[in-house]
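# Examining the three-dimensional arrangement
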Amino acid sequence: MRDHFEIRDADAAGRIGRLDVPRADRTVETPALMPVINPNRLTIEPARLEAEFGVEMLITNSYIIRETDALREQALESGLHEMLGFDGAIMTDSGSFQLSEYSDVDVTTEEIIEFQHAVGSDIGTPVDIPTPPDVPREQAERELETTQQAIADAEAIDVGEMLLNAPVQGSTYPDLRQHAATHAAGTDLDVFPVGAVVPLMNGYRYDEMVTAVAAAKRGLGADCPVHLFGAGHPMMLALAVALGCDLFDSAAYALYARAGRYLTVSGTQQLEDLDYFPCSCPICSEQTPADLRSEDDDTRTRLLAEHNLHVTFEEIRRIKQAIRGGDLLELVDRRARGHPAMYDGYRALLDHADQLEREDPVSKGTFFHTSAESARRPEVLRHHERLDRLAVPETVLLTEGGAPDGDTYDAAWRVVPPFGPFPRELSDSYPFTAAVPDRSDRAGQLAAADGVRALVDANPETAFTLAVDDWHQDAIDRVPEPVTVESLQEINE
Ligand code: GUN
Ligand code: ZN
């Protein structure tokens, strides 16, 4: 157990948690999105973020504040909370990101953390090295050592009640990410941001983002609160939460607004291209795209930024409700249909179904089979892995239909794509309460055939008969040799 984080509810590897932020005297519910505040340019006043958007925590850049004379003096004199006019929790970044963008940051971890502490930050950050994707392995290893030294330097400072971030780097090398994460989780630091994923997201490389985060999660384990640094686009939040990320930060809401970009849960639109708003937030319900276009630059930017934040927080609430309702993966599946890069991300997520399975609750609301990808969900994997726990008699009919009359078979089990075979008595247990389509798809049938194989492997002495209609030939071909395959009609005659 980590001291400052408690998990209340879970679905897939996603969770609703409570992050205790003692210096702010606050408990922040996660998943949480922290708007990024540029202290030089308040697109939306922080007080309004709290009052109108329900923002519990925001993030700002201590390096920019320290480098700007007026801000530095004001922050040291009255503290960040008063300077920004915000009562909630404040996380501060260290300037590392500036390091990756402009490479002229000359501040040590000790200096910046002492500054963060002095201005009243609630969660501070050391000077990590955000190693970009695709660099030579030697560079990733060398920079990771620097990041680990920064974490050690931070750990040695007495910061009182302030929490500290332990960033996880490692570029696009999953083993380095996992190793970095194991190291970070072994320190006394409190929050674990996965870093340098912004270039992957900007390049729409969401499958690789998933691979990097999944590796970090293997090293961190389930207890650590995880921040996905630089992630705040509403289209990817469900995916990232399903992987086990708890905190997000959005600069996109303001940066995109400045460029006339309108965020949606299935991608980004240009205000220029819109005739109608697909949204009912206070901005979009009161004006048309043409109205917004006719505003002056500052007003248009502010209103677009407000819409961008509304749609982002709406998605966070939808995700939390999905975790409560046990249909987070259905939500991820829907988001995967909105954008091909999210489809890549979802499929990469399902490559780690075994990892998700370890956190995924054994029982939930209900399983909706809504796509070919549903066949790869952790529930299907879990059923196949546990088939060897079931007692099986000498002759068993596995059928998509009802149980036949008479005593030709010792037992008649059901077969339902994508799960495959299960005893009738389990029909009322999750996930066999699933809503599945009348027209089962090839992927579901193939998964069901894998279930038959797992059952046969566990029971080599049993004579199995499989009675199905209209299965794809590849699914029939995948049913192992000793099983007699019949058509449902024949069995019922
Ligand atoms: N903001 C976005 N990515 C990063 C990162 O890797 N490290 C830090 N400190 N801030 C970030
Ligand atoms: Zn809107």
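Quick look at the structure, then. Model, not experiment: these values are computed from the prediction. (Residues numbered from 1 in each chain as written. Chains lettered and ligands numbered in written order. Predicted model: local features only at pLDDT ≥ 70, side-chain atom pairs only at ≥ 80, totals over all residues. Heavy atoms only, no water.)

## Digging into the overall build of the protein
Within the protein, the regular secondary structure consists of 22 helices and 18 strands. Relative to the compact-globule value of 23 Å for 493 residues, the protein shows a C-alpha radius of gyration of 26 Å, a close match. C-alpha atoms of the protein, sized along the principal axes, occupy 90 × 55 × 40 Å. When each of the 493 residues of the protein is scored for burial, the buried share is 56%. Taking the contacts inside the protein whose residues are at least 6 apart along the sequence as the reference set, 68% of them involve residues at least 24 apart. For the protein, the computed accessible surface area is about 20,700 Å², with 43% contributed by carbon and sulfur atoms. (Helix = DSSP H or I, 4+ residues; strand = E, 2+ residues; numbered from the N terminus. Rg over C-alpha atoms; globule rule 2.2 N^0.38 Å. Buried < 20%, exposed > 50% of the residue type's maximum accessible area, 1.4 Å probe, protein only. Contact = heavy atoms within 4.5 Å. Areas by Shrake-Rupley, 256 points an atom, 1.4 Å probe, with all protein chains shown as cover.)

## With respect to the coordination of the zinc ion (ligand 2)
Here the zinc ion (ligand 2) is held by Cys279 (SG), Cys281 (SG), Cys284 (SG) and His307 (ND1), and the distances to it run 2.1 to 2.3 Å. Of note is the zinc ion (ligand 2), whose 4 donor atoms meet at the metal with angles of 98 to 118° in an arrangement that counts as tetrahedral. Each donor residue of the zinc ion (ligand 2) belongs to the same chain, and together they define the spacing C-x1-C-x2-C-x22-H. On the basis of relative accessibility, which here comes to 7%, the residue Cys281 falls in the buried class. (Donors = N, O, S within 2.8 Å, 3.2 Å for Na, K, Ca; no water. Tetrahedral: all angles 85-135°; square planar, octahedral: opposite > 155°, others 65-115°.)

## Examining the pairing of strand E4 (residues 32-37)
A large share of E4 lies buried, amounting to 5 of its 6 residues. As paired elements, E4 and strand E11 (residues 247-250) share 4 bridges and run parallel to each other. Its bridge partner being in E11, Pro35 is matched across the sheet by Ser250. Handedness of the E4-helix H1 (residues 46-53)-strand E5 (residues 57-61) crossover: right-handed. (Pairing = 2+ DSSP bridges. Right-handed = clockwise from strand over helix to strand, strands pointing away.)

## Digging into the site of ligand 1
The environment of ligand 1 is made up of Asp93, Ser96, Phe97, Thr125, Asp128, Pro130, Gln169, Gly195, Ala196 and Phe229. Protein contacts shield 96% of the accessible area of ligand 1, which totals 280 Å² for the unbound molecule. Residue classes in the shell around ligand 1 are distributed as 4 nonpolar, 4 polar and 2 charged. (Near = heavy atom within 4 Å. Nonpolar A, V, L, I, M, F, W, Y, C, P; charged D, E, K, R; others polar.)

## Quick word on the packing of helix H16 (residues 328-336) against helix H17 (residues 340-350)
Contact geometry for H16 and H17: axes closest at 7 Å, N-to-C directions at 145°. The residues of H17 that touch H16, namely those facing Leu329, Val332, Asp333, Arg335 and Ala336, are Met342, Tyr343, Tyr346 and Leu349. Its residues assigned to classes, the contact of H16 with H17 comprises 7 nonpolar, no polar and 2 charged. (Axes fitted to C-alpha atoms, helices over the stretch in contact; angles between N-to-C directions.)

## Points about helix H15 (residues 297-325)
In a regular helix each residue adds 1.5 Å, so 29 residues correspond to 42 Å; H15 covers 42 Å between its end C-alpha atoms and thus fits that length. Put simply, Asp296 is the residue that caps the front of H15, since its side-chain oxygen is 3.1 Å from the backbone nitrogen of Asp298. The positive-phi residue at the C-terminal boundary of H15 is Gly326, with phi of around 75°. (Expected span 1.5 Å × (residues − 1). Polar contact = N/O pair within 3.5 Å; in protein donor to acceptor, adjacent residues only side chain to side chain.)

## Some thoughts on the sheet that holds strand E2 (residues 14-21)
Here we have 3 strands laid out as an open sheet, ordered E1-E2-E3, and antiparallel in their pairing. With one partner strand each, in any of the chains shown, strand E1 (5-11) and strand E3 (26-30) form the two edges of the open sheet. Looking at each pair of strands side by side, their axes are set apart by 15° on average, direction ignored. As paired strands, E2 and E3 are joined by 5 bridges and run antiparallel to one another. The partner of Gly17 across the bridge, within E3, is Thr30.

## Quick look at unusual backbone geometry
Between Thr30 and the following residue, Pro31, the backbone shows a cis peptide bond with an omega angle of 0°. The linkage connecting Pro417 with the following residue, Pro418, adopts the cis geometry, with an omega of 5°. Along the chain, the position of Pro418 falls in the loop between strand E15 (411-416) and strand E16 (420-422). Even without glycine at this site, Asp470 takes up a positive phi of about 60°. Turning to its location among the elements, Asp470 is positioned in the loop between strand E17 (463-467) and helix H21 (473-478).

## Comments concerning the nonpolar core
Counting 106 residues, the largest nonpolar core has Met209, Leu228, Met236, Phe248, Leu328 and Leu349 as the members making the most contacts within it. Setting aside anything within four residues of it in sequence, one finds Leu349 in contact with Val210, Leu239, Ala242, Leu243, Leu329, Val332 and Leu356. Core analysis: the next-biggest nonpolar cluster, separate from the first, contains 20 residues, Val452, Leu466, Val479 and Val483 among them. (Core = buried A, V, L, I, M, F, W, Y, C linked by side-chain atoms within 4.5 Å.)

## A few points about the pairing of E1
For E1 and E2, the ladder comprises 6 bridges, and the chain directions are antiparallel. Across the sheet, residue Phe5 finds its bridge partner in E2, namely Leu19. Counted along the chain from E1 to the antiparallel partner E2, the turn is 2 residues long, and its residue Ala12 has a positive phi close to 50°.

## Here we look at the environment of Val197
You can see Val197 is positioned in the loop between strand E9 (192-194) and helix H9 (198-202). With a relative accessible area of 0%, Val197 lands in the buried category. Between the C-alpha atoms of Val197 and Ile491, which are 294 residues apart in sequence, the distance is 55 Å. Apart from residues lying up to four places away in sequence, Val197 is in contact with Arg177, Met209, Leu228 and Phe229.

## Considerations on the sheet that holds E15
Judged by pairing direction, the sheet is mixed, and its 5 strands sit side by side in the order E16-E15-E14-E17-E18 without closing on themselves. Looking at the sheet topology across the chains shown, the edges are occupied by E16 and strand E18 (484-486). On average, adjacent strands in this sheet sit at an angle of 30° to one another, irrespective of strand direction. Relative to E16, E15 runs antiparallel, the two sharing 3 bridges. Bridge assignment links Val415 to a residue of E16, and that residue is Pro421. Helix H20 (residues 442-458) rests against strand E14 (395-399), E15, E16 and E17 of the sheet, and its axis sits at about 50° to E16.

## Points about the packing of H15 against H16
Look at H15 against H16: their axes get within 8 Å of each other, and the N-to-C directions meet at 140°. Judged by the angle between their axes, H15 and H16 are oblique. From H15, Glu315, Arg318, Ile319, Ala322 and Ile323 reach across to H16, where they touch Leu328, Leu331 and Arg335. (Parallel < 35°, antiparallel > 145°, perpendicular 65-115°, else oblique.)

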